[in-house]
Amino acid sequence: MNLFTLNAPIRFLIEITTTILIITIGLTKYSLPLNILIGILLPIIFISLWGFFIAPHSPKQGPAILRILLNS
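Only a predicted model underlies this, so the values are computations on that prediction, with no experimental measurement involved.

## Points about helix α2 (residues 32-54)
Phase 1 of the analysis: Here α2 spans 31 Å end to end across 23 residues, near enough to the 33 Å set by a 1.5 Å rise per residue.
Phase 2 of the analysis: The largest bend in α2 amounts to roughly 30° and is located at L41, with the proline P43 lying one to four residues further along.
Phase 3 of the analysis: Those residues of α2 lying buried are N35, I38, G39, P43 and I54.

Right, here's the structure in full:
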């Protein structure tokens, strides 16, 4: 068993947890116009950027500096 096999499920759970926390905090902690922006649009943007530029099997992998900045 290599390091990637151990790291992949942990990284996936952290990414899902981060998305759920952004949605929950965005929808519950802010007033009406801001809660829609933070609770719904921000996770959609986050997931889209990850899918297009960071995902391991994405067709258009971004440059290394972009991937590092988006993963931080």
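The discussion continues.
## Notes on the layout of surface pockets
Phase 1 of the analysis: The volume enclosed by the largest pocket comes to roughly 360 Å³.
Phase 2 of the analysis: Forming the boundary of the largest pocket are 16 residues, of which R11, F12, E15, W50 and P56 lie nearest the centre.
Phase 3 of the analysis: Looking at the lining of the largest pocket, the elements with two or more residues in it are α1 (3-29), α2 and α3 (64-71).
Phase 4 of the analysis: Sort the elements by how many residues they give to the lining of the largest pocket and α1 lands first, with eight residues.
Phase 5 of the analysis: Split by residue class, the lining of the largest pocket holds ten nonpolar, three polar and three charged.

## Things to note about the side chain of T19
Phase 1 of the analysis: Take T19: it is sitting in helix α1.
Phase 2 of the analysis: Owing to a relative accessible area of 12%, T19 belongs among the buried residues under this scheme.
Phase 3 of the analysis: Other than its neighbours up to four places away in sequence, T19 contacts P43, F46 and I47.

## Focus: α1
Phase 1 of the analysis: With 27 residues, α1 extends 38 Å between its outermost C-alpha atoms, agreeing within 8% with the 39 Å of an ideal straight helix rising 1.5 Å per residue.
Phase 2 of the analysis: Those residues of α1 that are buried lie in contact with α2.

What counts, and at which threshold
- Residues numbered from 1 in each chain as written.
- Predicted model: local features only at pLDDT ≥ 70, side-chain atom pairs only at ≥ 80, totals over all residues.
- Heavy atoms only, no water.
- Helix = DSSP H or I, 4+ residues; strand = E, 2+ residues; numbered from the N terminus.
- Expected span 1.5 Å × (residues − 1).
- Bend = angle between axes of the 7 residues up to and from the residue.
- Buried < 20%, exposed > 50% of the residue type's maximum accessible area, 1.4 Å probe, protein only.
- 1 Å grid on protein atoms, 1.4 Å probe; cavity = no way out; pocket = protein on both sides within 12 Å on 5 of 7 lines; lining within 4 Å.
- Points joined across faces, edges and corners; volume = space filled by probe spheres on them.
- Nonpolar A, V, L, I, M, F, W, Y, C, P; charged D, E, K, R; others polar.
- Contact = heavy atoms within 4.5 Å.

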